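So you can see what is in the structure, the chains are spelled out below.
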Amino acid sequence: MSNDAQQFADQDVRITFDETLVGRPVEADGGAPIAGGQAGYRTTFKGRLTGRRLAQGDPAWLWLELGDLVEAPQDFEHAHVWVDEAYVYFLDEKRS
Amino acid sequence: MTTDPLHTQLCDEYGCEVPIVAFAHTKDVIAAVTNAGGIGVFGAGSRTPSELRSDIQWIRERVGDKPFGVDLLMPASLAEGNREDLEAQIPQPQRDFVAKLMADNQIPAPKEIVHGDGQMLKHARESLEVIFDEKVPIFASGLGSPAFVKDEAHAHGTKVWGLVGLPRQARRQIEAGVDVVIAQGYDSGGHSGTVGTFTLVPEVVAMAEGTGTLVVAAGGVSNGRQLAAAITMGAAGVWTGTIWLATHESATEMFIKQRLIEARAEDVYQSRAMSGKPIRQLPSKYGDAWKQPGAPETLQMPLQGMLVADILAGIKEARMEDWMTSPAGQSVVGIHEIKPAAEVVYQMVEEAQDAFDRIVGAPVA
């Protein structure tokens, strides 16, 4: 799992665990702004949920932690990635 | 009964005279377009919260109660890792290539370089607070989903727009009840999706039918014929970006404006050389260098951005014109001269009216 203390220090973050999510296969549309610039990038991840959910601020901005990555950008060095719950698509449902 | 096809639901709901939305990083363009009857949306991705507040107040002083918006690049994924660990992963051949580029071409090391501090969630939230506090009419998210702040935005009188590149993203935003989905096709500038505008827009329009969410078409739009086509496809208007870079009001460097005029649609290419992700942009010596035989592969995000931060900053500081670039869409084909933003609006409207005239065989009222 990720190094939360370092990554989310001072960002009003709460992390909880939802057992019902553990191991569920998903695809997620990720992306982020490029630091210091005016452009961003989009990318797709595919893997299994770890069960960890992150809520930031109020109203809560919800994120799910994705591991066992089978699709990620080439050379993506991380074992886990947090993805916005709004763009997570469950692959074990007929339609998400 | 005669109706004006250019008076869409976007005009009814937002009070604009024409359904043309201009995305730009220069606030003068935003004010000019809004005052010409469209809707200017300010790209504030690189602004601090205090700068953003000043920008909003500056725009409001010039447009009064007319509609305008602010666009933020909300993140959609967050990867762990600190800067030191990531820098250690940059391969030596790529480091050597960049060092040689700088030495061979007298590209100076930058005096100052700005690194992100990794606190994307916090920064996004602070900017949102400014937008809501200032009661900006429109908040647009140019990347991640804005759904989580929809209710808070509405409580402050702010409408929520979300830009999408895939039908499944559009479905999620429509289900969440965002006010406008901007369906952006492949031909757009910057980081575009993989689906063409003509394919994406009708599909998203069909999804949104009867939901109350409006659809605005984006990607490759630079003239009135395309505006008419977008409305015919069921969109409530168009979202445009590249076309405003070459207006009088734009802060874009003059030599970039000249290159925008000269560029053909096929000249703007997608390059990974800036960030590691494909960004459609004007050609430059920097982008070309990464395509030459013997050049190493570009790295993935975020390593490529870290690798080339110094060389890009050095190019910019030294104003090396041939080496500088700008994100631009295939709609550069519609840029023929530098003119006032209002004139671009009026011309687009006239062209759209002509297009509708040709369809119905009579002038549009």
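Keep in mind the model is a prediction, meaning the values are calculated, not measured. (Residues numbered from 1 in each chain as written. Chains lettered and ligands numbered in written order. Predicted model: local features only at pLDDT ≥ 70, side-chain atom pairs only at ≥ 80, totals over all residues. Heavy atoms only, no water.)

### Focus on the overall build of chain B
Then, number 1: Of regular secondary structure, chain B possesses 14 helices and 11 strands.
Then, number 2: The globule rule puts the C-alpha radius of gyration for 365 residues at 21 Å, and the 21 Å found for chain B is close to it.
Then, number 3: Taking the principal axes of the C-alpha coordinates as reference, chain B spans close to 70 × 45 × 40 Å.
Then, number 4: For chain B, with 365 residues in total, the buried portion stands at 55%.
Then, number 5: A separation of at least 24 residues holds for 66% of the contacts in chain B among residues at least 6 apart in sequence. (Helix = DSSP H or I, 4+ residues; strand = E, 2+ residues; numbered from the N terminus. Rg over C-alpha atoms; globule rule 2.2 N^0.38 Å. Buried < 20%, exposed > 50% of the residue type's maximum accessible area, 1.4 Å probe, protein only. Contact = heavy atoms within 4.5 Å.)

### A few points about the overall build of chain A
Then, number 1: Counting secondary structure elements, chain A contains one helix and six strands.
Then, number 2: Traced from its N-terminal end to its C-terminal end, chain A shows the element sequence α-β-β-β-β-β-β.
Then, number 3: With 96 residues in all, chain A has 51% of them scored as buried.
Then, number 4: Taking as baseline every contact in chain A between residues at least 6 positions apart, the subset at least 24 positions apart corresponds to 52%.
Then, number 5: Summed over all atoms, the accessible surface of chain A reaches about 4500 Å², with 46% contributed by carbon and sulfur. (Areas by Shrake-Rupley, 256 points an atom, 1.4 Å probe, with all protein chains shown as cover.)

### Quick notes on the nonpolar core
Residue and element names in this part refer to chain B.
Then, number 1: Core analysis: the largest hydrophobic core is formed by 106 residues, its most contacted members being I20, I131, W244, L260, W290 and I311.
Then, number 2: In terms of residues, this core owes the most to one element, helix 14 (residues 341–360), which gives eight residues.
Then, number 3: Other than its neighbours up to four places away in sequence, I131 contacts L52, I56, V70, L72, V136, F139 and T158.
Then, number 4: Residues V41, A140, W161 and A236 belong to the second largest nonpolar core, which totals 19 residues. (Core = buried A, V, L, I, M, F, W, Y, C linked by side-chain atoms within 4.5 Å.)

### As for the sheet that holds strand 5 (residues 138–141) of chain B
Within a sheet, each strand pairs with its neighbour through backbone hydrogen bonds, oriented either parallel or antiparallel.
Residues and elements named next belong to chain B.
Then, number 1: On the basis of which strands lie adjacent, the closed barrel formed by eight strands has the order 1-2-3-5-6-7-8-9 and parallel pairing. Averaged over all pairs of adjacent strands, the angle between their axes in this sheet comes to 25 degrees, without regard to strand direction.
Then, number 2: Sitting on the sheet, helix 3 (residues 49–63) is in contact with strand 2 (39–43) and strand 3 (68–72), with an inclination near 160 degrees to strand 3. (Pairing = 2+ DSSP bridges. Axes fitted to C-alpha atoms, helices over the stretch in contact; angles between N-to-C directions.)

### Focus on the pattern of salt bridges
Then, number 1: In the structure shown here, the tally under the stated rule is 22 salt bridges over all chains.
Then, number 2: Between B:R47 and B:E51 there is a salt bridge, and its shortest N-O distance comes to 3.9 Å.
Then, number 3: In the salt-bridge network here, residues are joined through shared partners; they are A:E27, A:D29, A:K46 and B:R168. (Salt bridge = Lys/Arg side-chain N within 4 Å of Asp/Glu carboxyl O.)

### Observations regarding the interface of chain A and chain B
Then, number 1: Opposite the 53 residues of chain A that make contact, chain B presents 44 residues.
Then, number 2: Each partner contributes to the roughly 4500 Å² buried at the junction of chain A and chain B, and carbon and sulfur atoms together form 54% of this total.
Then, number 3: At the junction of chain A and chain B, the tally comes to two salt bridges.
Then, number 4: Broken down by secondary-structure element, the contributors of at least two residues to the side of chain A that touches chain B are helix 1 (4–7), strand 2 (25–33), strand 3 (40–56), strand 4 (61–71), strand 5 (81–84) and strand 6 (88–90) of chain A.
Then, number 5: It is strand 3 of chain A that contributes the most residues to the side of chain A that touches chain B, eight residues altogether.
Then, number 6: Looking at the side of chain A that touches chain B residue by residue, the class counts come to 25 nonpolar, 18 polar and 10 charged.
Then, number 7: Bridge count for strand 5 of chain A against strand 4 (residues 77–79) of chain B is three bridges, and the pairing is antiparallel. Each residue of the ladder has a partner; that of A:V83, found in strand 4 of chain B, is B:S77. (Buried area = accessible area lost by both parts, 1.4 Å probe. Nonpolar A, V, L, I, M, F, W, Y, C, P; charged D, E, K, R; others polar.)

### Points about the confidence of the model for chain A
Then, number 1: Confidence in the prediction for chain A averages 84 pLDDT; 82% of positions are at 70 or higher.
Then, number 2: Here helix 1 of chain A stands out as the least confident element of chain A, with mean pLDDT 63; strand 6 of chain A is the most confident, with 96. (pLDDT = per-residue confidence, 0-100.)

### Regarding helix 13 (residues 303–317) of chain B
Residues and elements named next belong to chain B.
Then, number 1: Over its 15 residues, helix 13 extends 22 Å from the first C-alpha to the last, a length consistent with the 21 Å expected when each residue adds 1.5 Å.
Then, number 2: Along helix 13, the helix axis deviates most sharply at A309, where the bend reaches about 50 degrees.
Then, number 3: Every buried residue of helix 13 is listed here: L303, Q304, M306, L307, V308, A309, I311, A313, G314 and I315.
Then, number 4: R319 lies just past helix 13 and shows a positive phi near 50 degrees. (Expected span 1.5 Å × (residues − 1). Bend = angle between axes of the 7 residues up to and from the residue.)

### Description of the side chain of B:T26
Then, number 1: Tracing the chain through its elements places B:T26 in the loop between strand 1 (20–24) and helix 2 (27–35).
Then, number 2: Setting aside residues no more than four positions away along its own chain, B:T26 makes contact with B:F42, B:E249, B:S250 and B:A251.

### Some details on the domain arrangement of chain B
Then, number 1: Taken domain by domain, chain B consists of domain 1 (9–74 + 117–247 + 338–360) and domain 2 (83–116 + 252–323).
Then, number 2: A separation of 29 Å is found between the C-alpha centroids of domain 1 of chain B and domain 2 of chain B. (Domains from an automatic or database assignment.)

### Some details on unusual backbone geometry
Then, number 1: In this model, A:D58 is joined to A:P59 through a cis peptide bond whose omega is 0 degrees.
Then, number 2: Relative to the helices and strands, A:P59 resides in the loop between strand 3 and strand 4.
Then, number 3: Here B:Q106, not a glycine, exhibits a phi torsion of approximately 50 degrees, which is positive.
Then, number 4: Looking at where B:Q106 falls in the secondary structure, it is placed in the loop between helix 5 (92–104) and helix 6 (120–133).
Then, number 5: Even without being a glycine, B:K135 presents a positive backbone phi close to 50 degrees.

### A few points about the pairing of strand 9 (residues 237–240) of chain B
All names here are of chain B.
Then, number 1: Neither face of strand 9 is open: one carries G237 and W239, the other V238 and T240, and all of them are buried.
Then, number 2: Sheet topology note: the strand 1/strand 9 ladder contains three bridges and is parallel. Counterpart to V21 in the pairing with strand 9 is W239.
Then, number 3: Where strand 8 (residues 214–218) and strand 9 come together, three bridges link them in parallel fashion. Bridging across to strand 9, V216 finds its partner in G237.

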